[in-house]
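Understanding the architecture of this molecule
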There are 2 protein chains.
Amino acid sequence: MNDWSALVAQKQDDLLAQLFAWLRIPSISADPVYNQDTLYAAEWLQGTLLKAGVDRCELWPSKGHPVMFAEKIIDPSLPTLLVYGHYDVQPPDPLDLWTTPAFEPQIRDGKIYARGSCDDKGQTFLHVAAFALLQEKGALPCNLKFLIEGEEEIGSAHLGEVIADYKKQLSCDAIVISDTSMLGTDKPSLTVALRGLAYLEVTVKGFNRDLHSGVYGGAVDNPINALCGMIARLKDENGHITIPGFYDKVVVHDDASRATLNNRPSDDKSYAAEIGAKQVYGEKDFTTIERIGIRPCLDVNGIWGGYTGAGAKTVLPAEAHAKISMRLVPYQDYHQVTQLITDYLHKICPPTMQLTVNPHHGGEPVLTNVNGKAYGAAVTAFKTVWGKEPIPSYEGASIPIAALLRRELSPELVFLGFGLDSDAIHSPNEHFRVDHFTKGLETVIQFYQEFGKK
Amino acid sequence: MNDWSALVAQKQDDLLAQLFAWLRIPSISADPVYNQDTLYAAEWLQGTLLKAGVDRCELWPSKGHPVMFAEKIIDPSLPTLLVYGHYDVQPPDPLDLWTTPAFEPQIRDGKIYARGSCDDKGQTFLHVAAFALLQEKGALPCNLKFLIEGEEEIGSAHLGEVIADYKKQLSCDAIVISDTSMLGTDKPSLTVALRGLAYLEVTVKGFNRDLHSGVYGGAVDNPINALCGMIARLKDENGHITIPGFYDKVVVHDDASRATLNNRPSDDKSYAAEIGAKQVYGEKDFTTIERIGIRPCLDVNGIWGGYTGAGAKTVLPAEAHAKISMRLVPYQDYHQVTQLITDYLHKICPPTMQLTVNPHHGGEPVLTNVNGKAYGAAVTAFKTVWGKEPIPSYEGASIPIAALLRRELSPELVFLGFGLDSDAIHSPNEHFRVDHFTKGLETVIQFYQEFGKK
């Protein structure tokens, strides 16, 4: 146990008490009823960082919830790290499934239960605490900037404008985000890629009103049947997406890269059993790890049309609708992919139907620079604290803002995440392990120190 | 103008006043709030028939609304006709779309506006009035029985049991139902066939909970995609249903029969334009008239699964659902067809999914005996009153109870309908033309007279 480990153990109760105060503030960005609380969560963070000794700390206005910015420049010749996180949380519904109230944090079985305990107040606070401890000891090894927003859970709609307005103040050498998971508590990992997202809503319209299925059935095409036929044509029997040009920009991994990627524990049977699936399924000739990490996919997220109540109603619906999304991998472009699928849907839409395609917001895929200094510092920090080389992890999910940060502020982007997939983020009984809190804090301190080395 | 025509004209105001009294009773069988009114509508009819001179008139109890039975046996050696109709009506919702209230009948532009004016109080009343006039003149040419139920609009769930219990009292030589439409006010027609119905609800389940589409997308099959793929395989590119054995019992019409069937006005362009469709569509090598009248069809009546609210949600839903129905033609059996599609769905369900198929109630197709005495009497009656040979019409819709009546009571079944497709039955502003009311009444009187001839 090194000095930092001992210090973290000594300060643990005090730090958790601070975090709990923050967790008690219901900063639900999606619900205007909680606008004042959401602002209060930003102000709480501002006060905590000022007390810990930042040079300045500001709330930047946006068209939505404000963005909190703070910085500590100890020496302009030292490298500067920008910490991105968010102070807003998901709504806690359904409330009755929580064992203890979402905004009354409690430790049970070595876990902190509260909305935001993992996503993302708990993980953001690791950086606040690391700064406070290093600053207290006069040992801060690099310059630090904090960019903590309040709209991550509602799509970060205004962060792009704020970054454009304050680009100079946000200059940095690398970005660190603690908002992801490890593969397991004994499987430390570093996320090296996140998938992007393209999302669209499709409507096929057949008639000017719902029709009686007896009077008209057989003489006209049916919007639901037509939509199902179109959806069925988006993938072939090998699970391969059939949209022309869809795979053109997808990175092809060589055998060595794939072997490295697959060199980690993975069990399809227990993976399927855990979610109650009969078996895994995906693109032919790829493993489950590859299907999630390095291959794009296409899924219908919602479908509706006609009569959906109890019993039978004999109707030919005027319209049918579907929400369709695709997870993208480097170097697919979501605007281009959205255009490709829109063109293809128009091509395969039967001449009987009127088709409307409405794109929702998307996000670019992200790939971290595993040869950069920040990534190397993260590997060393993990080895020091967790005793193991972290596994590079290609994650299937998306953090749309990550691509923006990397493009606008620095190509060096590290995901230093300490959550677990079982932490129930976005669900009732969200939690964060106390040992991940303490080891996470030690890892952040080690990471700052490695990053600050000249 | 013959004597009956003159008598109908003379009595018209009085008869309409009687019908209006019946229409004012909101006998909405679907809503228990109206149970007393529904009973009152049956009692009103009972009183009216007793006053007109039936031998006896009873309300037969059922597990739901009672069945009204009445009879007038003038001579056991004369043929006996059974009139089927219903005294219940559809709910009037949405109320705000009615120009005048649903249960305050009013004549505007030569049409009777009220819920039930056409379906089916107005048409049932033609038989009540015909009996009353003939009885008054001592001219009833045949024995008459009335079987008027109160649950037609909610599926006639208990009529089968009542018919079984009272089969002897219901014995007859032919059945007449006035609950259908003519092709047009200048296109008198006689419905000679109705399609049957098989209806089922399908659920495919992939997981024990909704999954995050980023974390799991690509590694597991998606219930919506799977369901769409199954639905797409139910028909081929020629609009032909692919369920093995589905067409085995379908009557094949020869060229002469098809020529007769198609020998009536039909215009695909105006047909499509009226419903806002880009074009008609159906089974290859058949006309629109044939697709509706003599060919079975398959339609999805409802589909749902996943996120269907505003905006985007990245979910892989645990389940997806569809309601699927088939219209059947002679001599398809709905139990057998339900089994065929159930087997086929299980066969084409991907191994990743759990499939559940729940059949709803169905109905057999009906074909009238166009060589029978009752049909011949109807043709003569139409020619006499409307001045034209009625067109034999193969209708696409279903009257599930018709097959039961024919099987249990008499193979001679005639649909003597005077509605129009534009009468808005089941919709706001339901109406019935006054001239169809008077000519319909004359036709019923002529029909009775022809049927009573030895």
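Everything below is about the structure shown above.
The notes below deal with the structure included here. (Residues numbered from 1 in each chain as written. Chains lettered and ligands numbered in written order. Predicted model: local features only at pLDDT ≥ 70, side-chain atom pairs only at ≥ 80, totals over all residues. Heavy atoms only, no water.)

Further remarks concern the overall build of chain A. Across its full length, chain A carries 13 helices and 18 strands. Its C-alpha radius of gyration of 24 Å places chain A within 12% of the 22 Å reference for a compact globule of 454 residues. Dimensions of chain A, computed from the C-alpha atoms along their principal axes, are close to 80 × 55 × 45 Å. A buried classification covers 60% of the 454 residues belonging to chain A. By sequence separation, contacts in chain A at least 24 residues apart represent 80% of the contacts at least 6 residues apart. (Helix = DSSP H or I, 4+ residues; strand = E, 2+ residues; numbered from the N terminus. Rg over C-alpha atoms; globule rule 2.2 N^0.38 Å. Buried < 20%, exposed > 50% of the residue type's maximum accessible area, 1.4 Å probe, protein only. Contact = heavy atoms within 4.5 Å.)

A separate point is the sheet that holds strand β10 (residues 196-205) of chain B. Reading across the sheet, the 8 strands line up as β14(A)-β9(A)-β13(A)-β11(A)-β12(B)-β14(B)-β10(B)-β15(B) and stay open at both edges, with antiparallel pairing between neighbours. The strands lining the two open edges of the sheet, one partner per strand, are β14 (354-359) of chain A together with β15 (354-359) of chain B. Ignoring which end each strand starts from, the neighbouring axes of this sheet average 25° apart. Relative to strand β14 (residues 319-328) of chain B, strand β12 (residues 297-306) of chain B is paired through 7 bridges, and the arrangement is antiparallel. Within β14(B), the residue paired with B:Asp299 across the bridge is B:Ser325. The sheet strands contacting helix α10 (residues 334-348) of chain B are β10, β12, β14 and β15 of chain B, and the helix crosses β10(B) at an angle near 25°. (Pairing = 2+ DSSP bridges. Axes fitted to C-alpha atoms, helices over the stretch in contact; angles between N-to-C directions.)

This part covers the relation of the copies chain A and chain B. Structural alignment of chain A on chain B gives an RMSD of 0.1 Å, achieved by rotating through 180° and translating 0.1 Å along the axis. The superposition of one copy onto the other is thereby described by a two-fold rotation axis. (Least-squares fit on C-alpha atoms with pLDDT ≥ 70 in both.)

A separate point is the sheet that holds strand β18 (residues 431-433) of chain A. Residues and elements named next belong to chain A. With antiparallel pairing, the 3 strands of this open sheet are ordered in space as β4-β5-β18. For this open sheet the edge positions go to β4 (106-108) and β18, each flanked by a neighbour on one side alone. In this sheet, adjacent strand axes meet at a mean angle of 30° when their direction is disregarded. Examined bridge by bridge, strand β5 (residues 111-113) and β18 share 3 bridges and lie antiparallel to one another. Bridging from a neighbouring strand, Tyr113 pairs with His431 of β18. Across the sheet, helix α13 (residues 434-452) lies against β4, β5 and β18, angled at about 60° from β18, the strand it touches most.

For the rest of this paragraph, the subject is the interface of chain A and chain B. At the interface, 73 residues of chain A touch 72 residues of chain B. Note on chain A versus chain B: buried area summed over both sides is about 5600 Å², and carbon and sulfur give 54% of it. Applying the counting rule to chain A against chain B returns 2 salt bridges. The interface formed by chain A and chain B includes 40 residue pairs in polar contact (both at pLDDT 80 or more). A per-element tally of the side of chain A that touches chain B places strand β11 (residues 297-306) of chain A first, with 10 residues. (Buried area = accessible area lost by both parts, 1.4 Å probe. Salt bridge = Lys/Arg side-chain N within 4 Å of Asp/Glu carboxyl O. Polar contact = N/O pair within 3.5 Å; in protein donor to acceptor, adjacent residues only side chain to side chain.)

Quick look at unusual backbone geometry now. Looking along the chain, the bond that leaves A:Asp119 and enters A:Asp120 is cis, with omega of 5°. Mapped onto the fold, A:Asp120 is located in the loop between β5 and α3 (121-136). Positive phi is not limited to glycine here, since B:Ser156 has a value of about 50°. Relative to the elements of secondary structure, B:Ser156 occurs in the loop between β6 (143-149) and α4 (159-165). Residues other than glycine seldom take positive phi values, yet B:Asn429 does so here, at roughly 60°.

Residue and element names in this part refer to chain B. Interhelical geometry of helix α1 (residues 3-23) versus helix α2 (residues 35-52) gives an angle of 155° and a closest axis separation of 9 Å. Judged on the interaxial angle alone, α2 and α1 are roughly antiparallel. Mapping the contact onto sequence places Gln18, Ala21 and Trp22 in α1 and Ala41, Trp44, Leu45 and Thr48 in α2. Grouping the constituent residues of the contact of α1 with α2 by class yields 5 nonpolar, 2 polar and no charged. (Parallel < 35°, antiparallel > 145°, perpendicular 65-115°, else oblique. Nonpolar A, V, L, I, M, F, W, Y, C, P; charged D, E, K, R; others polar.)

Per the counting criterion, the structure on display carries 30 salt bridges over all chains. Here A:Glu161 ties to A:Lys63 by a salt bridge, and the two come within 3.5 Å at their closest N and O atoms. Linking A:Glu161 in helix α4 (residues 159-165) with A:Lys63 in the loop between β1 (56-60) and β2 (67-72), this pair joins segments that are 98 residues apart in sequence. By relative accessible area, which is 39% here, A:Glu161 ends up partly exposed. For B:Lys11, the salt bridge goes to B:Glu136, with nearest N and O atoms at 3.1 Å. You can see B:Lys11 sitting in helix α1 and its partner B:Glu136 sitting in helix α3 (residues 121-136), a full 125 residues away along the chain. On the accessibility criterion, B:Lys11 (18% relative accessible area) is buried. A network of salt bridges, in which partner residues are shared, links A:Arg56, A:Glu58 and A:Glu71.

The next thing to look at is the packing of aromatic side chains. Per the stated rule, a full pass over the model turns up 25 aromatic pairs over all chains. In textbook terms, an aromatic cluster arises when at least three aromatic residues are bridged by ring pairs, as seen for A:Trp22, A:Trp44, A:Phe125 and A:Phe437. In this arrangement the basic side chain of A:Arg108 is found over the ring face of A:Tyr113, its NZ or CZ atom lying 4.0 Å from the centre. Sitting above the plane of the B:Phe451 ring, B:Lys373 keeps its charged end 5.5 Å from the centroid. (Phe/Tyr/Trp six-rings, centres within 6.5 Å; stacked < 30°, edge-to-face > 60°. Lys NZ or Arg CZ within 6 Å of the ring centre and 35° of its normal.)

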